[in-house]
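# Geometric and topological summary
So you can see what is in the structure, the chains are spelled out below.
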Amino acid sequence: DAVKPHKKSSIPGVTIKQLVEEIPKGCSLPDFEQKPITLTLQEGKNATFRAMVKGEPAPQVIWKRNKEEMNNPDKYQMSFSAVTNEFILQINKLTAEDTDVYHCCAVNEYGEAACTAGLKVIRGRIDLKKELQDFRKMLRKRTPVSVQKKEMDMEQVWQLLLNADRKDYEKICLKYGIVDFRGMLKKLQQMKRDREDKQQQYVYSVTNLKHIKANNEGNATFHLEMDLKNPDSRIYLYKDGQMINYGFNDDNVKHCLRKTGKKYNFTINHLQLEDAGLYQIRVEDVDVFSTQLEADSIPVGFRHSLSEVHCHEQGNAVFECSLYSPCYDATWLYKKHPIEENDKYEISISPDGLTHRLVIKNAQLTEKGTYTLDTRIHSSSAWLEVECDVFPMWALFLYVCSESHCHFDRGLPDDSTQKEKPAVLPCSLSNNQFTVFLGHQPYISLAGFNFHEIIWQSFLCLDPPNVDKALLEKLMKEPMVVKAGQNAMVKIPFKGQKPVRATWLKDGDELLDDTRIHIETADNFTRLSISSANRKDCGDYNVKLKNESGTLKASLKLVVIDKPKKPIGPIEVVTSSIRGITIRWKPPKDDGGKPVQNYIIERKQVGRKTWVTLGESTGVNTTFTTDKVEHDRSYHFRVRAVNAEGNSEVLESDEVMAANKAFPRPPAPPKIVSADKDSITLSWAAPPKREKSRILGYIVEKRKKGSNVWIPITDLPIKDRKLRVTDLKEGLQYEFRVAAISAAGAGEASAPSDAVFARDPMKPPGRVRDLKVTNTDYTSITLTWTKPSSEEDCPAKGYEVEKRSLDSLKWTRCNSVPIGMTTYTVKGLQAREMYFLRVRAINEGGLGEAVALDMCVQAVPPTVNPRFLRDDTMKNFMIIKVGSCIRVHVPFEASPTPEVIWLKDGLPLPSRAIVSTRHGLSQVLIPSAEFSDSGLYTVMLQNDWGRKDSFNIPQPPGPIWLQEKVLNTVTVFWEPSPTEKQESNLYYVVMKCDYSKSSWQVMGDLIYTNKFTITKLIPGRGYYFRVVAKNSMGTSNPSETVQPWIIPKEKGEFKVRLPKYRGVNKNMPPKFLVQLKPHVVTTAFDCHMSCAVSGYPKPKITWYKDGRNLSEDPTFFTTNDFGVCCLVIPDVTKGDEGEFQVEASNELGRAVSKAICIEPITSG
């Protein structure tokens, strides 16, 4: 089963698991109000564990122990007390074998809560003076489990790069394997442009992005400033692509959003390792910001801190705590000194790294003190108290006279008393009753009798810590007042049995020594000193004095007075008129311990440096009005609070503009009275009145739809508030606006009117066509239709949808404004109610004729046949240990909601089984398994339409027979499985096995008939065949052939075929391997020109000079030795200069090489 993360219990040491996705309203998880405590008892006594639980529905309580089962009802008695609301486990006649760890578990259908308690059984009274034996190790140290890092897909990596700083690009690319850095930058630029285009739909700007960062308090924050076009736009938070819910201004929720103006601050509280991942903010469907929380940056916080431990001398003391995140390198400290594991200290860590445990063996009185677990970022400390064994301080012996034949009816009881208080030890004789006093009264003796019977008893004199009552009353009534910056010191003398331990607490939290706080404790006093006190030191302080005889608490209140904090802003401008400016602010959050006497208000003109004091206001008045301003000037104001200790820091306002000339306000947008092709008539209302601003007239302007140019209609102001506008072009669409005029000038223009065409009134649209229902559910119905047929003459501007219920005659509009699409979903319907629906078109000419559905429609979802949704997490076979919890859940889908029936071996489930079904999930829960719970469990679905679906393993198919109709091919036939009549989704799988091998090969799957043909069988081999039935629950047992199927093998004629020899193709066109090179020669010397050529057949070589063939010229010599061609020019003359060319050709092609031969130029 998918188990939710552990929930936090209000009781330390209790773990809670949530077993379902959502908990219905009014229900809750189980939890402990009181958990059982660890006991140390002597042999022969009875042990009683008590627990109080809560939860809705009421949970069932299960008791277990580690070593063995608790099956003996005489030994283990479990009961419930309705008077005290306690679940009780009583263990009778303790023996040494009863020493163990006992588990208490509270279970209901939504989760379970568990805790443990120890039981130590010691042998006889004398064992109190000897070493107490420690419990056996219940957990062994294991190697830490490596934390698997979450893989991030590339789409999330690109989203991370979009919002990362440029300096982090290289680190992110190396981390996620992006090697094409230049390509990444190009793609990133394109993605940024695309995102900006999408963001323009909803956002004006996004600035001041701050990536996520975890703090030492175990929280993480990230924020941005965002200017939304529509303040009602929805903002979503995603983690690793999954949307998560968040709260507003609430630190008790996991994810919290705080909004201040345009700043959005997201906080993730109580960080855990699973909180690591990629977080994305979206406005509607557009990504705005992405940031990643690394698992390494999550600090390790304490889920359950260390608590104070008490143990007897020479006993074992155990400290244990749990963390929010795994930590394997934490350090244990004793009085700030590291502790290493040895024979004295046993240190262990749970496999998940969350639970840390320290066992101090054979504790001595000198080993009491503060023990700390340090995780480098956080630490938790607790006190170890080692108690010495208690021995009798006085013994009283009473003898009973033999002569009087009397005896004791009731002996002396154990008792204790405080120091200097009398002790009363009563007993009863058969002949008389008397009382023995100790302390202020003498013993009563029985002199003159011979005694032969003795009773021995003991009592202990207690001396708890004691403080003078007058001092305690003074501390409680009179608070201690200290000025900020001074030292605060309080000393409390006390008396009592030594040693006395003093613990100081502030607001319930223990105080420890640091740079400012010092705690000193002697034999007869304790003192708390706080240097440089500040307002944060204010609060309720308690000192807890404790020794072996008792505990005493003393309380006092510390008040630190200081100057007040600055007033709370921002400074608001209440009014700004020609008479002056009125500002307002809020009182300071902290008045410094003294009431605010008054506020000082100052102002400064923008552009100047001098602040001018305007006046003061009383401490209860947070508004101020001044007329010391000039019109059309801008100012800054600041306010400071004053109390008996001094002035606060200043609160400064933004720039404030004093009142300017009284221009009239803008009127409301003008309304269209009538329109035709020649004119449009307008009307408008007067603007709101403004002081000293009398309206003299109005200016009316017009513009064409889509244009930015406004044109005045008249040259002179219009005194009336109605105007007929002419000079219009027929068929164009116009907008109008109006501005008022006063003595100060023209005021701001109104907003544009609705666009209107200059044309004769239009006819209403026709009837919509093809109105039909496309989808329904319990709360909505979806309609579609086609535009009216008269769309060209009088087109529809929009559509109105109306509804009425079956028992009403009144039609109600579903959409407040006309819709432009030809589909609409009517929402907010009552489940299973019948509704009539109709649609009508609308345009400037009015409403068209309504078209209604032929019959009423019921608000129900479409019928879905019952079907089980099987996945990989579901099992068809389970093995459960006796006493463990059996929990099986089966998801399904069906509409309407079906009836779910669970059966065991074809019979109803036992009464101990709890079946719950909701939201497409059915679950059976048996809190404590028994052997009788073994069997085959079946679940069936049946809805109102009579359709059924069962969830069970199918029965095997019937006998198999084979038939060969085609050579090397066999057809397998089988009788259908009996389950085929009950289930429509049953299919078959056919397999074969070569008799010489042991493995089965699937030949056909998803077969919905009762035959299958297998081809390509090898003659001479034997085959076995198998058929199994399958459904969503599992696979049936197979049906197999008993004898192998063998196809006879025919022997063929042996022939040998030799391969034909293929020769090598040497054909190749001519190709120059070495080209001719230019030559510079000297007159009367020989010139040798050469080149190399290849080709087959052997190419023909021809030499040319300036295009003339040299083959017949006797003055040149040519050779061709194995492809090396040479040309010799003897006794070079001036006429031999020119371009030489050699040509190689054969039947496959031709190649040419050229070079120049020149004579050098000689000087002189």
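Note: the structure precedes this text.
Overview of the structure.

Thresholds applied
- Residues numbered from 1 in each chain as written.
- Predicted model: local features only at pLDDT ≥ 70, side-chain atom pairs only at ≥ 80, totals over all residues.
- Heavy atoms only, no water.
- Helix = DSSP H or I, 4+ residues; strand = E, 2+ residues; numbered from the N terminus.
- Buried < 20%, exposed > 50% of the residue type's maximum accessible area, 1.4 Å probe, protein only.
- Contact = heavy atoms within 4.5 Å.
- Axes fitted to C-alpha atoms, helices over the stretch in contact; angles between N-to-C directions.
- Parallel < 35°, antiparallel > 145°, perpendicular 65-115°, else oblique.
- Nonpolar A, V, L, I, M, F, W, Y, C, P; charged D, E, K, R; others polar.
- Pairing = 2+ DSSP bridges.
- Phe/Tyr/Trp six-rings, centres within 6.5 Å; stacked < 30°, edge-to-face > 60°.
- Lys NZ or Arg CZ within 6 Å of the ring centre and 35° of its normal.
- Salt bridge = Lys/Arg side-chain N within 4 Å of Asp/Glu carboxyl O.
- Polar contact = N/O pair within 3.5 Å; in protein donor to acceptor, adjacent residues only side chain to side chain.
- Core = buried A, V, L, I, M, F, W, Y, C linked by side-chain atoms within 4.5 Å.
- 1 Å grid on protein atoms, 1.4 Å probe; cavity = no way out; pocket = protein on both sides within 12 Å on 5 of 7 lines; lining within 4 Å.
- Points joined across faces, edges and corners; volume = space filled by probe spheres on them.

### Considering the overall build of the protein chain
Summing up its helical and strand segments, the protein chain has four helices and 93 strands in all. For the protein chain, with 1164 residues in total, the buried portion stands at 40%. When contacts within the protein chain are restricted to residue pairs at least 6 apart in sequence, those whose partners lie at least 24 apart make up 62%.

### Looking at helix α1 (residues 154-163)
Most of α1 is tucked away, with eight of its ten residues classed as buried. Of the surrounding elements, those touching the buried residues of α1 are α2 (169-176), α3 (181-199), β11 (203-214), β18 (277-283) and β19 (286-293).

### Describing unusual backbone geometry
In terms of backbone geometry, most residues other than glycine have negative phi values and most peptide bonds are trans. With an omega dihedral of -5°, the bond running from lysine 498 to proline 499 counts as a cis peptide bond. Positive phi is not limited to glycine here, since glutamate 284 has a value of about 55°. Mapped onto the secondary structure, glutamate 284 falls in the loop between β18 and β19. Its identity is not glycine, yet aspartate 1106 carries a phi of approximately 50°, on the positive side. Its location among the elements puts aspartate 1106 in the loop between β88 (1100-1105) and β89 (1108-1109).

### Digging into the packing of α1 against α3
In contact at an axis separation of 10 Å, α1 and α3 are set at 80° when each is read in the N-to-C sense. Classed by the angle they form, the pair α1 and α3 counts as roughly perpendicular. Residues Trp158, Leu161, Leu162 and Asn163 of α1 lie in contact with α3, whose contacting residues are Met184, Lys187, Leu188, Met191, Lys192 and Arg195. Partitioned by chemical class, the residues of the contact of α1 with α3 number six nonpolar, one polar and three charged.

### A word on the sheet that holds strand β86 (residues 1079-1080)
Spatial ordering of the open sheet is given by β86-β93-β92-β88-β89, a layout of five strands whose pairing is mixed. The open sheet has two edge strands, β86 and β89, and neither has a second partner. In the sheet, β88 pairs with β89 via two bridges, with the strands oriented antiparallel. Note on β89: the bridge partner recorded for lysine 1105 is arginine 1108.

### Focus: the packing of aromatic side chains
The tally for this structure, following the rule as stated, stands at 16 aromatic pairs. The interplanar angle of 45° and the centroid separation of 6.3 Å between the aromatic rings of phenylalanine 222 and tyrosine 279 together place this pair among those described as tilted. Pair noted here: phenylalanine 222 is in strand β12 (residues 220-228) and tyrosine 279 is in strand β18, with a separation of 57 residues, a long-range link. Of the two residues, phenylalanine 222 and tyrosine 279, neither departs from the other in class, the shared state being buried. Among the aromatic residues, those joined into a cluster by ring pairs are Phe222, Tyr246, Phe248, Phe266, Tyr279 and Phe289. One Lys or Arg, lysine 491, reaches over the ring of phenylalanine 525 and ends 4.4 Å from the middle of that ring. A cation over a ring is seen here: arginine 759 above phenylalanine 757, with NZ or CZ 4.0 Å from the ring centre.

### Brief notes about the packing of α1 against α2
Packing of α1 against α2 brings their axes to within 10 Å, and their N-to-C directions diverge by 170°. Here α1 is positioned roughly antiparallel relative to α2, judged by the angle of their axes. Within the contact between the two elements, α1 uses Val157, Leu160 and Leu161 and α2 uses Tyr169, Ile172 and Tyr176. Considered class by class, the residues forming the contact of α1 with α2 number six nonpolar, no polar and no charged.

### What about the pattern of salt bridges?
By the definition in use, this model includes 40 salt bridges. Between aspartate 275 and lysine 254 there is a salt bridge, with the nearest N and O atoms lying 2.7 Å from each other. Pair noted here: aspartate 275 is in the loop between β17 (263-268) and β18 and lysine 254 is in the loop between β15 (247-248) and β16 (255-260), with a separation of 21 residues, a long-range link. For lysine 254, a relative accessible area of 27% translates into the label partly exposed. Glutamate 572 serves as the salt-bridge partner of arginine 584, at 3.1 Å between the closest nitrogen and oxygen. Highlighted residues: arginine 584 in strand β44 (residues 580-586) and glutamate 572 in strand β43 (residues 568-577), separated in sequence by twelve residues. A single network of salt bridges, built from pairs that share partners, joins Arg65, Glu68, Lys75, Asp98 and Asp100.

### Let's talk about the sheet that holds strand β40 (residues 525-530)
Ordered by their spatial adjacency, three strands build an open sheet running β36-β40-β39, and the pairing between neighbours is antiparallel. The strands lining the two open edges of the sheet, one partner per strand, are β36 (488-493) and β39 (517-521). Mean inter-strand twist for the sheet, computed between neighbouring axes without regard to direction, equals 10°. By the bridge criterion, six bridges tie β36 to β40 in an arrangement that is antiparallel. Residue pairing across strands places isoleucine 492 opposite threonine 526, the latter belonging to β40.

### Topic: the environment of glutamate 1040
Mapped onto the secondary structure, glutamate 1040 falls in strand β83 (residues 1039-1040). Its relative accessible area of 39% is what places glutamate 1040 among the partly exposed residues. Once the C-alpha coordinates of glutamate 1040 and valine 1028 are considered, the two residues, twelve residues apart in sequence, prove to be 9.0 Å apart. Excluding anything up to four places from it in sequence, glutamate 1040 contacts Ile960, Trp1000, Phe1025 and Arg1026. Separated by 2.3 Å, the side chains of glutamate 1040 and arginine 1026 make a polar contact.

### Re the nonpolar core
Core analysis: the largest hydrophobic core is formed by 28 residues, its most contacted members being Phe32, Phe49, Trp63, Leu89, Ile91 and Leu119. Only β3 (28-34), β5 (47-56), β6 (60-65), β8 (86-91), β9 (100-108) and β10 (111-122) provide two or more residues apiece to this core. Of all the elements, β10 adds the most residues to this core, at five residues. With 25 residues, the next largest nonpolar core counts Val490, Trp504, Leu511 and Ile530 among its residues.

### A few points about empty space enclosed by the protein
In this approach a probe as big as a water molecule rolls over the atoms, and the regions it shows empty are the leftover space. Following the criterion strictly, the structure yields three cavities of 30 Å³ or more and no others. By volume, the largest cavity amounts to about 50 Å³. Lining the largest cavity are Met480, Ala488, Met489, Val490, Leu528, Ile530, Tyr541, Leu556 and Leu558. Where the lining of the largest cavity is concerned, the elements lending two or more residues are β36, β40 and β42 (550-561). If one sorts the elements of the lining of the largest cavity by residue count, β36 sits on top with three residues. A per-class count over the lining of the largest cavity returns nine nonpolar, no polar and no charged.

Interpretation note: all reported values are geometric properties and have no functional meaning in isolation.
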